Amino acid sequence: MADAADLRETTSSRARRWLRRTGALLAAAPVLAGVLQVPAAPAAHAAGKPTGSRSVDVDITSLTPTAPTKSDTLTVSGTVTNDSGTTVSGAHVGLRVGPTLEGRNAIDNASRRTGYQQGADGTEIGGKYAEKIGKLGAGASRDFTLSIPVNELHLGENGVYQLGVSLSGQTRSRPWEQVLGIKRTFLPWQSSAPAAKSQLTYLWPLISTPHVTSRTDADEDRTPIFRDDRLKAELAPGGRLQQMVSLGKNLPITWVIDPDLLATVDAMTREYEVQNRHGDGTTAGRGQAVAKRWLNDVQKAMEGHQVVALPFSDPDIASLAHHGKNVPGALSHLRDATELASTTVQTVLGVKPRTDFAWPANGAVDSSIVDVATSAGAHNVIARSDSLRETGNLSYTPTATRQIGGGNTAVVADARLSAAFTGDMSKADNSTLAIQRFLAQSQMINLQAPDRQRSIVVAPQRIPTTSQAQAMAAALDGLSGQWTEPMNLGQAAKAKPDPNATERVPSSRLYPASLRREELPTQAFEDVRETQGTLDEFETILTAKYRVVTPFGNAIRRVMSTSWRGDARGATHFRDGVKGYLNGLTKKVRIIPKTDMTLSGRSATIPVTVQNNLVQGVRLRLVLESQQGNRLAVSEPQVVNVEGGHSQSVKFGTTANANGPVWVSARLVTPDGQPYGDKRFFEVDVTEITSTVILVIAGGVLLLVLAGIRIYLQRKRATTTNGGDEDVQEDEATDAEADGNDPAAALVPEQPSDPAPDTGSQSAGASGAGEKVDH
């Protein structure tokens, strides 16, 4: 940003630098002439071994203080390694102070340069401040430490000085003293207070990858099942997340949190299960103690700091903008994730966070990303200066805020500062150089326009390693307010924008191809839509919806996480697991298959059994349909309530109008009328009433009539001869005869027995073994 500033200096400043450089070049002329007359190196040196000023590798492993004052003593430690393949004799290590650098580009150029350049690398501070190495054999390494009072460095005006550590000596083929290796770093020098300090906002991210599956145990507590137990190591002392909290609590930073991480760690404070590598079993998680301690430390660390919550599980806004926004329902997940963010942070930490900031991957933005980011209520977008580039002729780095239209603000993080610690910081040499480069760039921003106070934002990588976090913390400690003062992100977003800074958001064709290749594909959002549709349908039949909706809703949000960038295979495996497991659950509620059956007579009942292998009850409607209603009619649909782990049989009445087979289908329907599961078809063979049966029935009717006549005559005779008491006896005898062998009793048809209406799941087939689900 503002590279034009690197070319604009005052006339007096340019003159002083020209005089210093001219003097250095004149002093170096005889030496250069001697070097030009040196014979070419022997052919043996052309075999790939370093030669000249690259013969010895110099590593700077420590530099303290990082930004010294006049009364300090500068101490530089490191290691020299002879890579040349030949012995170096008379070697010593010395410190070289070069001229002040002109602008931010000059810092970048000096960082990339290898080999010694006389004049540009300054003169050595020798004598007692150099360390003698003596003989250094091929492949040999030696440690060194240089300690020099700062006043012996003869630093002048405020600025960034190039600092070089060189090894000088001679070899058999080149028997004179020469620089055989050098490593450059930077020394920011602030001898007097600046006219205006830069306001620095440093984001400190607490973000991880998804660790929880969509599955929960089938117990009352809905014990979560984790993909792995790696988070335990990150939370333990010395772990990445423990270090982020331990280091951040004493730094002037703004916390940026993925609420999913807090929810995951909170779940770890209770019992949880971890699936095995093959996914067919679980073991008990062991991270309860470290999880409790970490959450307690987080609460204390955030006291007095601003907390910004990203949408739950940090959804990939760029992927949504480029591949998901045209998939129905995709953007609604971003809104839900934003609403859930505030609730989660307040519940777990008791802190009310800000949720009005969106942070696309690497701060890369285009117009579609801004539209999607702000659609869920985040009117501040954290961008980066290598994406929202300056197109004017500014001679300085402008304030971070930009008004980009629609009432939205872009908070533009400085790209150089934000990417300062993205490499391998586990090597002391790398971290030391990165810290000094960060301090140099931050001071150079201030020196560009020392009378103009500006707000500078740093947005580092989302998931820093432990060593990267330690280097970041060391750099912030090194600033110690010399040319910066802290500001939180909310204040930075409200800072007065620079009227000359660019406000134009780039088009989507300018989005970096390297980042686009890492995005979630359209298929990922199609899978999300399908899974959400299945979940919506499944939810309608459940009596304890929260047991399924919560874990699966969170799992769907995790499918869209930014952390899947660079892990396409892992992303696919995760979303396939969510979708497949949900589909498996829906199949645990089903109609038990029926065999073909025969119906005799004009009316009968057909039993249909519904099985529920979930651990909670379900409520549906069961519909029986005849494919030929004119031949076989069935009764209306019936409501079915089946407890978890049970089966229930439902009887449907039928009326037959003709002989022959008829296909019948049974289907479950959700309470809102949507088909659920597969239809079950079976054949019903209807047998009409035959002539033989009719004759039997007619004979029975005739016998009943005759019996009635006989009883009537007997009663009449008895009344005439014996009186009323005999009538009673006659009636009792007649009743006894009817209950005994009267043929009329055979006319009552015997119905086959129907199954019990509510049975355990074992009566309707085995339930799924080892079900692990929050349902």
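Everything numeric here is computed off the predicted structure, so don't read it as measured data. (Residues numbered from 1 in each chain as written. Predicted model: local features only at pLDDT ≥ 70, side-chain atom pairs only at ≥ 80, totals over all residues. Heavy atoms only, no water.)

Trainee: What exactly am I supposed to notice about the confidence of the model for the chain here?
Mentor: Looking at the chain as a whole, the pLDDT averages 86, with 85% of positions reaching at least 70. Low pLDDT (under 50) marks residues 723–775, which in the prediction has 83 contacts with non-local residues, meaning those over four places away or in another chain. (pLDDT = per-residue confidence, 0-100. Contact = heavy atoms within 4.5 Å.)

Trainee: Would you mind going over the sheet that holds strand β1 (residues 56–64) with me for this structure?
Mentor: Strand pairing in a sheet takes place through backbone hydrogen bonds and is either antiparallel or parallel in direction. Taking strand neighbours across the sheet as the criterion, the 3 strands line up as β1-β2-β6 in an open arrangement whose pairing is antiparallel. Two strands in the sheet have a free side with no partner beyond their single neighbour: β1 and β6 (141–149). Neighbour-to-neighbour, the strand axes of this sheet turn through a mean angle of 20°, independent of strand direction. Bridge analysis of β1 against strand β2 (residues 73–82) gives 8 bridges, and the strand direction is antiparallel. Bridge pairing in β2 links I60 to G78. (Pairing = 2+ DSSP bridges. Helix = DSSP H or I, 4+ residues; strand = E, 2+ residues; numbered from the N terminus. Axes fitted to C-alpha atoms, helices over the stretch in contact; angles between N-to-C directions.)

Trainee: Help me understand the packing of aromatic side chains, please; the structure alone is not making it clear to me.
Mentor: Working definition: an aromatic ring pair is given by the centre-to-centre distance plus the angle between the planes. Under the definition given, this model contains 6 aromatic pairs. Between Y202 and W204, the aromatic rings sit 6.2 Å apart at their centres with planes inclined by 50°, giving tilted as the arrangement. For the pair Y202 and W204, one class covers both residues: buried. Between F226 and Y272 the ring centres are 4.6 Å apart and the planes differ by 45°, which places this aromatic pair in the tilted class. Of this pair, F226 sits in strand β11 (residues 224–226) while Y272 sits in the loop between α5 (259–268) and β13 (273–275), and the two are 46 residues apart along the sequence. (Phe/Tyr/Trp six-rings, centres within 6.5 Å; stacked < 30°, edge-to-face > 60°. Buried < 20%, exposed > 50% of the residue type's maximum accessible area, 1.4 Å probe, protein only.)

Trainee: Hey, could you run me through unusual backbone geometry in this one?
Mentor: Comment: phi is negative for the bulk of residues other than glycine, and the bulk of peptide bonds are trans. The amide bond that connects T64 to the next residue, P65, takes the cis arrangement and shows omega of -15°. With respect to the helices and strands, P65 occurs in the loop between β1 and β2. In this structure, S313 takes a positive phi of about 70° despite not being glycine. Inspection of the secondary structure puts S313 in the loop between β15 (307–309) and α7 (317–324).

Trainee: Could you clarify how one ought to interpret the sheet that holds β11 in this entry?
Mentor: Pairing in this open sheet of 4 strands is mixed, and the strands run β10-β11-β13-β14 from one edge to the other. Here the strands that pair on one side only, and so sit at the sheet edges, are β10 (212–216) and β14 (282–284). When the angles between neighbouring strand axes are averaged without regard to direction, this sheet yields 40°.

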